Amino acid sequence: MKNSTIKFIAIVSIMLLTANAQASEANIINITNPTQGNGVQVGDVLNRTLTIEVDAPYQLAKNALPMKSELRNGIELAEITVKTSEKNHKNSYHIALRYQVFASAAKPTVMQLPEESFTFTDGAKALSTQLPAWHFWFAPLVSEGITNAKDNLQPQYKPTLINVSGHYTRLWLALAALMAGLLGLVYINADKRWLPFMNGAFASAHRQLKKLPKTEASHKQALVLMHEAFNRIHGENLFASDVERFVSTHTAFAKFKTDITNFFTQSNASLFDSQAQNSTQFMQVLIVLSKRLRDCERGV
């Protein structure tokens, strides 16, 4: 009976120890190997990642990690990074390993990324888990039997010249079109005298009208500027009765015959009628009309 009791206690103890050991195992949740398993050559970089999960308070022993720059069988561990996270009383470690191949062989050979071991401490006992080795096919850069690299050198040829004269022609044509477009925009819209032929009678009047204050005192001066522009183009004083002859002689202004006639009507009313007018509105009308007539004399 005594022996049976002792055996029973021993079995229970073993079961408890086994359960604790299993509960505290470091589990590899995920492994990602390189996508290229063949045709690997000297200098190629191969990446592996894995995720390990372990119960708290176990921690990954940083001093036991694989050593960076360690060279094993021609495979160098070029970089290792570790990211840690914690959830539901479990510590999770995402480990990224970057290897570079420095091995060489005269013919296709099976090589491997080395097996790695990771240790966990701060618990009841030390734990460890292994990342298995990963095999790949190494492809030599030259075929077997080449002993003298100089005998296999290939002559260098200069690259074929490309005739770019057509491209230069298109470039100059595009630049010429761009400059013509810019000059056209300046000619149509600019108020300044950028070019000699931009200082027409109405261009000058429009430029001066925009500078006048929009007050009642400026009415007479604004009218004088417009009349001077008409007289300058007509070659003599232009009156309301001469508008028909003016637009017949200068056909570019014919489409604004009604506006010109209205101007002379308003001008006579302003000069000979004592009724007050809205200064701002009056000046704005003259500015708009002078711009339209300026566009006419510029042929746009």
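The numbers attached to residues start from 1 for each chain and follow its sequence in the written order. Given that the model is predicted, a residue must reach a pLDDT of at least 70 before its local features are reported, and side-chain atom pairs must reach 80 or more before they are shown or counted; all residues, however, enter totals for whole chains, interfaces and linings. As a rule here, side-chain values cover all heavy atoms of the structure and leave hydrogens and water aside.

Another aspect to go through is the packing of aromatic side chains. Whether two aromatic rings pair depends on their centres lying within 6.5 Å, for rings of Phe, Tyr and Trp, where Trp uses its six-membered ring; planes under 30 degrees apart make the pair stacked, over 60 edge-to-face, and the rest tilted. Within the structure shown, the criterion is met by 9 aromatic pairs. Considering the side-chain rings of F230 and F263, the 5.6 Å spacing of their centres and the 25 degrees angle between planes classify their relative orientation as stacked. On the criterion of sequence distance, the pair formed by F230 in helix α4 (residues 219-234) and F263 in helix α6 (residues 257-272) is long-range, its members being 33 residues apart. Summarising the burial analysis for this pair, F230 and F263 share the class buried. Centre to centre, the rings of F230 and F264 are 5.4 Å apart; their planes meet at 50 degrees, and the pair counts as tilted. Highlighted residues: F230 in helix α4 and F264 in helix α6, separated in sequence by 34 residues. The rings of F202, F230, F246, F253, F263 and F264 are connected pair by pair, giving a single aromatic cluster. Secondary structure is summarised from DSSP: a helix means a run of H or I of at least four residues, a strand means a run of E of at least two, and numbering begins at the N terminus for each. Three labels apply to residues, based on accessible area from a 1.4 Å probe with only protein chains included: buried if under 20% of the type maximum, exposed if over 50%, partly exposed otherwise in between.

In sheet architecture, strand pairing relies on hydrogen bonds along the backbone and comes in two forms, parallel and antiparallel. Taken together, the 3 strands give an open sheet; going across it, the order is β3-β8-β9, and neighbouring strands pair in antiparallel fashion. In this open sheet, the two strands that pair with only one neighbour each are β3 (59-60) and β9 (127-131). If DSSP finds at least two bridges between two strands, the strands pair. Both strand β8 (residues 116-121) and β9 contribute to a ladder of 5 bridges, which runs antiparallel. The residue of β9 that forms the bridge with S117 is Q130.

This part takes up α4. In a regular helix each residue adds 1.5 Å, so 16 residues correspond to 22 Å; α4 covers 23 Å between its end C-alpha atoms and thus fits that length. Listed as buried for α4 are H219, A222, L223, L225, M226, H227, A229, F230 and H234. Looking one or two residues past α4, G235 carries a phi angle of roughly 90 degrees, positive in sign. A helix is expected to span 1.5 Å multiplied by its residue count minus one.

Inspection of the secondary structure assignment puts R48 in strand β2 (residues 45-55). For the pair R48 and R98, spaced 50 residues apart in the sequence, the C-alpha separation amounts to 6.5 Å. Pairing of N or O atoms within 3.5 Å defines a polar contact, subject to two protein rules: one partner must be a possible hydrogen donor and the other a possible acceptor, and residues neighboring in sequence count only if both atoms are side-chain atoms. Among the polar contacts made by the side chain of R48, one reaches the side chain of N33 at a distance of 2.8 Å.

The sheet built from 5 strands is open, its strands ordered β1-β2-β6-β5-β4 with antiparallel pairing. Each end of this open sheet is capped by a strand with a single partner; those strands are β1 (27-32) and β4 (71-72). Summarising the sheet, β1 and β2 pair through 5 bridges and their orientation is antiparallel. Of the residues in β2, the one forming a bridge with I28 is I52.

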